[in-house]
Amino acid sequence: MNWNFLKTEIEPGDFLIDCRSQSAYEEETLEGAYYYPFIKKAFGSDPESQKKLYGPMLAVVQEFQKSKKTRIIVFDEGMGMFSTRMVYLLRGMGIKDAYVLGQKWPATGNKSKGDLKVEPPIADKVKPIEGVVDKAFMERNLTKLQIFDARTMDEYEGRLPRLTAPEEGTLCGRLPGAFLWDWRNLYDGEANLIERSLFKKRLNGFPFMPERPTVIYDYNGARSCLLALMLREAGYIDVTTYQGSWFEWRKSSLPKQAVAVFGAKQGVAAAAPRVGGVDRKKV
């Protein structure tokens, strides 16, 4: 796995963050690892939502700086959405030595019961997190952007509002002009990240240019962060994630495609799928 944002070994000077479930963390984690519940939540991009995200992220950064440790290693069950989300946001907060642990759980290292769960405060004021854009930015620049949808085909085509625990009456659909790159296709059959050379080869399936502004979204801003990290290493210059994602966009009056109400009987008003990054014969 030749990705620079992955580290396969843990060193004594590492600040550890566990992004698995709280119950798994409390049962057993790597010794000294912290747990921050906010990383699993969905956030809009309005000012109040930004405070709810920025405050906890600032607290993580301050705890790391106070620890005098040299780098941050984040892990979950296996290089998944929440560990990559934490790393992406930490880098956006200026912590460049933040990495995803390139191991599947149970990771190697001393274990103990998790007892460093932290509920950081909401911020009074916020500063922009580098690499994260809001709904206002998307609205202003929608027709100028290269947009990746990192959800599944069912979500992209308007059959599901979200992959897990979809609720009846929830609006399904996608952002106009978005191309699908199913987040699951970033992994091989053994749930390891695909090699960078294969990823770059699959990028050729999209009519995108590396120098143009590229935005990635999903349902709640988590799955998109892995694709963003990979795109940056693959040579894409201007890559951001839309924090509000479909969680926020579906509630707005802004344009949408493949719109349907989950659980309703009417058909989906579908637009032709725009798919790349995989073998088209398998889609």
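Rules used throughout
Residues numbered from 1 in each chain as written. Predicted model: local features only at pLDDT ≥ 70, side-chain atom pairs only at ≥ 80, totals over all residues. Heavy atoms only, no water. Helix = DSSP H or I, 4+ residues; strand = E, 2+ residues; numbered from the N terminus. Rg over C-alpha atoms; globule rule 2.2 N^0.38 Å. Buried < 20%, exposed > 50% of the residue type's maximum accessible area, 1.4 Å probe, protein only. Contact = heavy atoms within 4.5 Å. Areas by Shrake-Rupley, 256 points an atom, 1.4 Å probe, with all protein chains shown as cover. Lys, Arg positive; Asp, Glu negative; His and termini not counted. Charge placed at Lys NZ, Arg CZ, Asp CG, Glu CD. Domains from an automatic or database assignment. Buried area = accessible area lost by both parts, 1.4 Å probe. Salt bridge = Lys/Arg side-chain N within 4 Å of Asp/Glu carboxyl O. Polar contact = N/O pair within 3.5 Å; in protein donor to acceptor, adjacent residues only side chain to side chain. Phe/Tyr/Trp six-rings, centres within 6.5 Å; stacked < 30°, edge-to-face > 60°. UniProt positions renumbered as here; feature names shortened; annotations may be inferred. Pairing = 2+ DSSP bridges. Core = buried A, V, L, I, M, F, W, Y, C linked by side-chain atoms within 4.5 Å.

Going by what an unreviewed UniProt entry lists, the protein is known as Rhodanese-like protein.

Novice: I tried to follow the overall build of the protein on my own but got confused; where do I start?
Specialist: Assigned secondary structure in the protein consists of 8 helices and 14 strands. Relative to the compact-globule value of 19 Å for 283 residues, the protein shows a C-alpha radius of gyration of 19 Å, a close match. Counting only C-alpha atoms, the protein reaches 55 × 45 × 35 Å along its principal axes. Going through the 283 residues of the protein one by one, you find that 52% of them count as buried. Sequence separation of 24 or more characterises 78% of the internal contacts of the protein that already satisfy a separation of 6 or more. Accessible surface for the protein amounts to roughly 13200 Å². Of this, 50% is attributable to carbon and sulfur atoms. Of the charged side chains in the protein, 42 are positive and 36 negative, and the gap between their average positions amounts to 5 Å.

Novice: Whenever I open this one, the domain arrangement of the protein confuses me. Can you help?
Specialist: Many analyses report the size of an interface as the accessible area lost when the parts associate. Once the domains are mapped, the protein shows domain 1 (7-112) and domain 2 (132-262). Between the C-alpha centres of domain 1 and domain 2 there is a distance of 22 Å. The partner domain 2 presents 26 residues to the 21 residues of domain 1 that form the contact. Taken together, both faces of the contact between domain 1 and domain 2 bury some 1700 Å²; the carbon and sulfur share is 61%. Counting the contacts that link domain 1 with domain 2 gives 0 salt bridges. Inspection of the domain 1/domain 2 interface yields 6 residue pairs in polar contact (both at pLDDT 80 or more). Taken together, the elements giving at least two residues each to the side of domain 1 that touches domain 2 come down to α2 (47-67) and α3 (81-92). The leading source of residues in the side of domain 1 that touches domain 2 is α3, at 8 residues.

Novice: Honestly, the packing of aromatic side chains in this entry has me stumped. Any pointers?
Specialist: Two aromatic rings are characterised by how far apart their centres lie and by the angle between their planes. Scanning all chains against the criterion turns up 19 aromatic pairs. Between the aromatic rings of F179 and F206, the centroid separation amounts to 6.2 Å while the plane-to-plane angle is 70 degrees, which identifies the pairing as edge-to-face. Placement of F179 in strand β11 (residues 179-180) and of F206 in the loop between α6 (196-203) and β12 (214-217) is noted, with a sequence separation of 27 residues between them. By relative accessible area, F179 is classed as buried at 9%.

Novice: Please clarify how the environment of P128 should be interpreted in this entry.
Specialist: When you line up the elements, P128 lands in the loop between β7 (111-112) and β8 (132-133). Among the residues examined, P128 registers a relative accessible area of 77% and is labelled exposed. Taking C-alpha positions, P128 is 8.4 Å from Y54, a pair spaced 74 residues apart along the chain.

Novice: Honestly, the UniProt feature "domain: Rhodanese" (unreviewed entry) in the protein in this entry has me stumped. Any pointers?
Specialist: Here the UniProt-annotated "domain: Rhodanese" (unreviewed entry) positions come out as residues 10-117 and 141-258. Helix makes up 25% of residues 141-258 and strand 17%, with an end-to-end C-alpha separation of 21 Å.

Novice: I tried to follow the sheet that holds strand β1 (residues 6-7) on my own but got confused; where do I start?
Specialist: The strands making up a sheet are joined through hydrogen bonds of the backbone, oriented either antiparallel or parallel. In space, the 5 strands of this open sheet follow the order β1-β6-β5-β2-β4, with parallel pairing throughout. Of all the strands in the sheet, just β1 and β4 (34-35) have a single pairing partner and so form its edges. Sheet topology places strand β5 (residues 71-75) next to strand β6 (residues 98-101); 3 bridges connect them, and they run parallel. Bridging from a neighbouring strand, I73 pairs with Y99 of β6.

Novice: I would appreciate a short explanation of the nonpolar core in the present structure.
Specialist: What tends to happen in soluble globular proteins is that the nonpolar side chains get buried as a cluster. Membership of the largest hydrophobic core comes to 57 residues, with the highest contact counts inside it found for I17, M86, L90 and F199. Those elements that place two or more of their residues in this core are β2 (14-18), α2, β5, α3, β6, α6 and α7 (223-233). A per-element tally of this core places α7 first, with 7 residues. Filtering out sequence-adjacent residues up to four positions away, I17 remains in contact with Y34, Y36, V60, I72, I73, V74, F75, M86 and L90. Core analysis: the next-biggest nonpolar cluster, separate from the first, contains 14 residues, M138, L142, Y219 and W249 among them.

Novice: Any chance you could explain unusual backbone geometry here in plain terms?
Specialist: Note the cis peptide between W105 and P106, where omega equals 10 degrees. Mapped onto the secondary structure, P106 falls in the loop between β6 and β7. Non-glycine residue M79 carries a positive phi angle of around 55 degrees. Within the secondary structure, M79 sits in the loop between β5 and α3.

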